Amino acid sequence: QVQLVESGGGLVQAGGSLRLSCAATGRTFSNYAMGWFRQAPGKEREFVAVISWSSGYTYYADSVKGRFTISRDNAKNTVYLQMNSLKPEDTAVYYCGADPMGLGVPITSYEYDYWGQGTQVTVSS
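Visitor: Looking at this structure, how should I read the overall build of the protein chain?
Guide: Counting its secondary structure elements, the protein chain contains 0 helices and 11 strands. Secondary structure elements of the protein chain occur, N-terminal to C-terminal, as β-β-β-β-β-β-β-β-β-β-β. For 125 residues, the compact-globule estimate of 2.2 N^0.38 gives 14 Å, and the C-alpha radius of gyration of the protein chain, at 13 Å, lies within 12% of that figure. C-alpha atoms of the protein chain, sized along the principal axes, occupy 40 × 25 × 25 Å. Taking all 125 residues of the protein chain together, 42% fall into the buried category. A sequence separation of at least 24 residues applies to 57% of the contacts in the protein chain between residues at least 6 apart. When the accessible surface of the protein chain is summed, it comes to about 6,500 Å², and 48% of that surface belongs to carbon and sulfur atoms.

Visitor: Is there a simple way to explain the sheet that holds strand β8 (residues 78–83) in this structure?
Guide: With antiparallel pairing, the 4 strands of this open sheet are ordered in space as β1-β3-β8-β7. In this open sheet, the two strands that pair with only one neighbour each are β1 (3–7) and β7 (68–73). Ignoring strand direction, the axes of neighbouring strands in this sheet form an average angle of 15 degrees. Sheet topology places β1 next to strand β3 (residues 18–25); 5 bridges connect them, and they run antiparallel. Its bridge partner lying in β3, Gln-3 is registered against Thr-25.

Visitor: What is the right way to look at the nonpolar core in this model?
Guide: If you look at soluble globular proteins, the nonpolar side chains tend to sit buried side by side. In this structure, Leu-4, Met-34, Trp-36, Leu-81, Met-83 and Tyr-94 are the most contacted members of the largest nonpolar core, which totals 35 residues. Within the residue set of this core, elements represented by two or more residues are β3, β4 (33–39), β5 (46–52), β7, β8, β9 (92–99) and β11 (119–124). With residues up to four places along the chain from it excluded, the contact list for Met-34 reads Leu-4, Cys-22, Ala-49, Val-50, Ile-51, Trp-53, Ile-70, Val-79, Gly-97, Ala-98 and Tyr-112.

Visitor: What exactly am I supposed to notice about the environment of Gly-104 here?
Guide: Along the polypeptide, Gly-104 turns up in the loop between β9 and β10 (114–115). For the pair Gly-104 and Thr-78, spaced 26 residues apart in sequence, the C-alpha to C-alpha distance is 21 Å.

Visitor: Would you mind showing me how to read the environment of Tyr-59 here?
Guide: The topology assignment puts Tyr-59 in strand β6 (residues 58–60). On the basis of relative accessibility, which here comes to 34%, the residue Tyr-59 falls in the partly exposed class. In this structure the C-alpha to C-alpha distance between Tyr-59 and Tyr-112, which are 53 residues apart in sequence, comes to 16 Å. Filtering out sequence-adjacent residues up to four positions away, Tyr-59 remains in contact with Phe-47, Val-48, Ala-49, Val-50, Val-105 and Ile-107.

Procedures and definitions
Residues numbered from 1 in each chain as written. Predicted model: local features only at pLDDT ≥ 70, side-chain atom pairs only at ≥ 80, totals over all residues. Heavy atoms only, no water. Helix = DSSP H or I, 4+ residues; strand = E, 2+ residues; numbered from the N terminus. Rg over C-alpha atoms; globule rule 2.2 N^0.38 Å. Buried < 20%, exposed > 50% of the residue type's maximum accessible area, 1.4 Å probe, protein only. Contact = heavy atoms within 4.5 Å. Areas by Shrake-Rupley, 256 points an atom, 1.4 Å probe, with all protein chains shown as cover. Pairing = 2+ DSSP bridges. Axes fitted to C-alpha atoms, helices over the stretch in contact; angles between N-to-C directions. Core = buried A, V, L, I, M, F, W, Y, C linked by side-chain atoms within 4.5 Å.

Remember, this is a structural readout, not a statement about activity or role.
Structural data, given as C-alpha cells:
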C-alpha cells in the first residue's frame, strides 16, 4: 500500500498562514491525483484542493480559492497545501488522499483509495 503522512498543522491566529505537507511512501504511480480534504467537528469531510501529479493541474473548493495553494514536489513524493489568510472557519482536521487512477478531477472522498491520519489546524479569532 501507499502510506501518506500529513504534517504542518498547528494553532495559528486568524489572518496567519500554515503550510501542510503530505509525504507519500511505498509504490506510487505517475497518474496519481493527490487531494486535500478537511473535516470540522460535527461536519462531513469536505473537498479542499486537488492536484494532478503528472500535469500539475489544480482545482480548488470555492471556500478556499484565492487563499490556499496546492503544489507538489515530484522528487520528494510530497504534496503541499499553503494556507494563507486563515479564518476560524478553516479549523478542521486536514487529510491528504491519493487516487491511484487520477481520472478526471476527483473532488469526492469516495474516489480516493489512500488516506493519511490527518493533521489538526486550529485558527483562533
